[in-house]
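Next come the chains, spelled out residue by residue.
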Amino acid sequence: MKVGIIGLGYVGLPLAVAFGEAGADVVGLDVDHRVVDGIARGESSVEDVPSERLAPLVGERIEVTTDHARLADCDAVIICVPTPLAHRREPDLAYVESAGRSLAAVLRKGQLVVLESTTYPGTTRDRLLPILEESGLRAGDDFHLAFSPERIDPGRTDHTIRTTPKLVGGLTAACVDRAVELYSAICDEVIPLTSPEAAELAKLVENIFRSVNIAMVNELAMLADRMGIDIWEVIDAAATKPFGFMRFEPGPGMGGHCLPIDPFYLAFKAREYDFPTEFIELAGKINQHQPHFCVDKVVRALNNVGKPARDSRVLLLGVAYKAGVGDLRESPALRIAELLRELGADVAYHDPHVADVPQLGLRSAELGEELAACDVACVVTAHPEVDYERVVAEAPLVVDFRGVTRGIEAQNLVRL
Ligand SMILES: NC(=O)c1ccc[n+]([C@@H]2O[C@H](COP(=O)([O-])OP(=O)(O)OC[C@H]3O[C@@H](n4cnc5c(N)ncnc54)[C@H](O)[C@@H]3O)[C@@H](O)[C@H]2O)c1
């Protein structure tokens, strides 16, 4: 089996490695020369794929290229390109369309095409299919077409591509059968759905579920703050119920490539149906407000020790959007830093996964020196490498947005 993969980022590269390790020949294609050159040298830019795993496959099982003609002799081609939001928070399908056009130019009879990029229901059928049919080939007859959402969670090791059930929705029954056969090579369980639209919506439901629940606990954290109740104790207590409760934690806001973006793909599509998706909008509003609430909490903590935010040195512990990874995309830490700077604070950060943040013009500071020098240290990302007992012992004031200091009692400690 020969599998083409278009887009070698957080989704495409792990997929290429999974197929390569399963014994397939892989043609990995990216439009970015730096990405292709790096992989060709056996260097991975995706934390979940160590270079030691990638390097032995490159040249053996995985060929990397910027030339679409190399896709012509693949049995299946999987599209994993970005689906960001454009201005006014509307879907930007330019990458999917461009990948589709390049593929149409080399598409041949008998190939299977699968879209994995997260998007609204109807994209595969209404946007990708007509572009692919510009080849002169008919979808469902000459080539097969399906959608299969990527469910990867960067940094997670307890669930892998192999152990996470894979959803596939095809244009026809034969399209589904082909897609099931393809993914059975790398996934223990492949679940066929009756349409690409069902598979597209299933992915969005998963992300909206998380976004809404995170917003709910964030709102309750703001209320608990006002009531003087420890939200972490409350969540720990509620989570002892063995049924009917699923734990979500408050934090500094939502980051990453998925949750702040994907739900708005559905909100956009819903407008065509005269349907306001109020849960999505409300969750977005609350989660976007969370960095403001966190900065307010820092300002109050400083005030209580007689310091203004202006000219205070604020050390952000963690700038990545979540623990254990170095991904800065949509990270609430960036917004928190901006808001603090607007107040005149002097912002520094320490993050074992992020050496520098060009947007802020900062480099990761040495923890020891900064703990002593800062006026307040704020736990923004719960990276497991940081010793939080030491942070509380050495910093004059600590504000914890992640609950990592639970169990520590200290006068200089404030939790969300
Ligand atoms: N990152 C995640 O955790 C995650 C999880 C699930 C789903 N997704 C979805 O998967 C899709 C890809 O996300 P990602 O995080 O891998 O993005 P990414 O930015 O890490 O990688 C995308 C790659 O596609 C390349 N590319 C762009 N246009 C191209 C084209 N026309 N032809 C070839 N290559 C092209 C880019 O150069 C880049 O290397 C998105 O729709 C995203 O929503 C991401």
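Look a little higher up for the structure.
Let me begin by describing the structure that accompanies this report. Everything quoted here is computed from the prediction, not taken from an experiment.

Topic: the overall build of the protein
Looking only at helices and strands, the protein features 13 helices and 15 strands. Seen through its C-alpha atoms, the protein measures out along the principal axes to roughly 75 × 50 × 40 Å. In the protein, buried positions account for 53% of the 416 residues. For the protein, restricting intrachain contacts to residue pairs at least 6 apart in sequence, the fraction spanning at least 24 positions comes to 68%. In the form shown here, the protein has an accessible surface area of approximately 18,800 Å², with 52% of it arising from carbon and sulfur atoms. Charged side chains in the protein number 41 positive and 63 negative. The centres of these two groups are separated by 2 Å.

Examining the sheet that holds strand 10 (residues 346-350)
Here five strands make up an open sheet; going across it, the order is 10-9-13-14-15 and the pairing parallel. The two strands at the open ends of the sheet, each matched to only one other strand, are strand 10 and strand 15 (413-415). Within the sheet, the average angular offset between the axes of one strand and its neighbour, ignoring direction, is 20°. Taken together, the three bridges between strand 13 (residues 376-379) and strand 14 (residues 398-400) define a ladder with parallel strand orientation. What sits directly across from C378, in strand 14, is V399. Lying over the sheet, helix 11 (residues 332-342) contacts strand 9 (313-317) and strand 10, oriented at roughly 175° with respect to strand 9.

Regarding the environment of Y10
You can see Y10 is positioned in the loop between strand 1 (2-6) and helix 1 (12-21). Relative accessible area serves as the criterion here: at 30%, Y10 is assigned to the partly exposed category. The spatial distance from the C-alpha of Y10 to the C-alpha of I152 is 8.5 Å, given a sequence separation of 142 residues. Not counting chain neighbours up to four residues away, the residues in contact with Y10 comprise V46, I152, P154, D327 and R329. A distance of 3.5 Å separates a polar atom in the side chain of Y10 from a polar atom in the side chain of D327.

Points about the site of the ligand
Around the ligand, the surrounding shell holds 27 residues, and the nearest of these are Y10, V11, D30, T83 and T118. Y10 has a polar backbone atom sitting 3.0 Å from an oxygen atom of the ligand. Between the ligand and S98, the relevant distance is 3.3 Å, taken from a nitrogen atom to a side-chain nitrogen or oxygen of the residue. For the ligand, the accessible surface in isolation is 830 Å², of which the surrounding protein chains cover 91%. For the shell around the ligand, the element with the highest residue contribution is helix 4 (residues 94-104), accounting for three residues.

Focus on the side chain of E200
When you line up the elements, E200 lands in helix 7 (residues 196-227). Lacking a salt bridge, the buried E200 has R125 as its closest oppositely charged neighbour, with an N-O distance of 7.3 Å.

Details of the sheet that holds strand 4 (residues 76-79)
Here we have eight strands laid out as an open sheet, ordered 3-2-1-4-5-6-7-8, and mixed in their pairing. The open sheet has two edge strands with one neighbour each: strand 3 (62-65) and strand 8 (190-193). Averaged over all neighbouring strand pairs, the angle between strand axes comes to 25°, with direction disregarded. As paired strands, strand 5 (residues 112-115) and strand 6 (residues 144-147) are joined by four bridges and run parallel to one another. Bridging across to strand 6, V113 finds its partner in L145. Relative to the sheet, helix 4 contacts strand 1, strand 4 and strand 5, its axis offset from that of strand 4 by approximately 160°.

A look at the state of the cysteines
Disulfides are covalent bonds that connect the sulfur atoms of two cysteines. For the structure on display, the rule yields zero disulfides. Cysteine C374 is unpaired, with the sulfur of C378 as its nearest cysteine sulfur at 8.3 Å.

Some points on helix 4
Turning to helix 4, its buried residues number three or more, namely V96, E97, A99, G100, L103 and A104. Along helix 4, the residues classed as buried sweep out an arc of 165° about the axis, all on the same side.

Focus: a nonpolar patch on the surface
There is a patch of nonpolar side chains on the surface, built from M216, L220, L223, M227, I229 and V234 and spanning about 540 Å² of accessible area. The element best represented in the nonpolar patch is helix 7, accounting for four residues. A residue is classified by how much of its surface remains accessible, and L220, at 39% relative accessible area, is partly exposed.

Focus: the pattern of salt bridges
All told, the structure shown has 31 salt bridges when counted by the stated rule. Here E370 ties to R313 by a salt bridge, and the two come within 2.5 Å at their closest N and O atoms. Note that E370 is positioned in helix 12 (residues 367-373) and R313 in strand 9, a separation of 57 residues in sequence. Look at R313 and you get partly exposed, because its relative accessible area is 23%. The network of salt bridges with shared partners includes D153, R156, D158 and K322.

Quick word on helix 1
Of all 10 residues that make up helix 1, nine are buried, and the element is covered over most of its length. Buried residues of helix 1: G12, L13, P14, L15, A16, V17, A18, F19 and G20, and no others. Positive phi shows up at G23, right after helix 1, with a value of about 100°.

Here's the deal with the packing of aromatic side chains
The description of two aromatic rings rests on the distance between their centres and on the angle between their planes. Applying the stated criterion across every chain, the model contains four aromatic pairs. Judged by centre distance (6.4 Å) and plane angle (50°), the ring pair of F19 and Y183 falls under tilted. Remark: Y183 occurs in helix 6 (residues 173-184) and F19 occurs in helix 1; sequence separation between them is 164 residues. The buried category is assigned to Y183, whose relative accessible area is 0%. Each ring, one from Y120 and one from Y265, has its centre 6.3 Å from the other, and the planes form 35°; the classification is tilted. Highlighted residues: Y120 in the loop between strand 5 and helix 5 (123-133) and Y265 in helix 9 (residues 262-271), separated in sequence by 145 residues.

Conventions we followed
Residues numbered from 1 in each chain as written. Predicted model: local features only at pLDDT ≥ 70, side-chain atom pairs only at ≥ 80, totals over all residues. Heavy atoms only, no water. Helix = DSSP H or I, 4+ residues; strand = E, 2+ residues; numbered from the N terminus. Buried < 20%, exposed > 50% of the residue type's maximum accessible area, 1.4 Å probe, protein only. Contact = heavy atoms within 4.5 Å. Areas by Shrake-Rupley, 256 points an atom, 1.4 Å probe, with all protein chains shown as cover. Lys, Arg positive; Asp, Glu negative; His and termini not counted. Charge placed at Lys NZ, Arg CZ, Asp CG, Glu CD. Pairing = 2+ DSSP bridges. Axes fitted to C-alpha atoms, helices over the stretch in contact; angles between N-to-C directions. Polar contact = N/O pair within 3.5 Å; in protein donor to acceptor, adjacent residues only side chain to side chain. Near = heavy atom within 4 Å. Salt bridge = Lys/Arg side-chain N within 4 Å of Asp/Glu carboxyl O. Disulfide = S-S within 2.5 Å. Arc of directions from axis to C-beta. Patch = residues over 30% accessible without salt bridge, like charges linked within 9 Å, V, L, I, M, F, W, Y side chains within 5 Å. Phe/Tyr/Trp six-rings, centres within 6.5 Å; stacked < 30°, edge-to-face > 60°.

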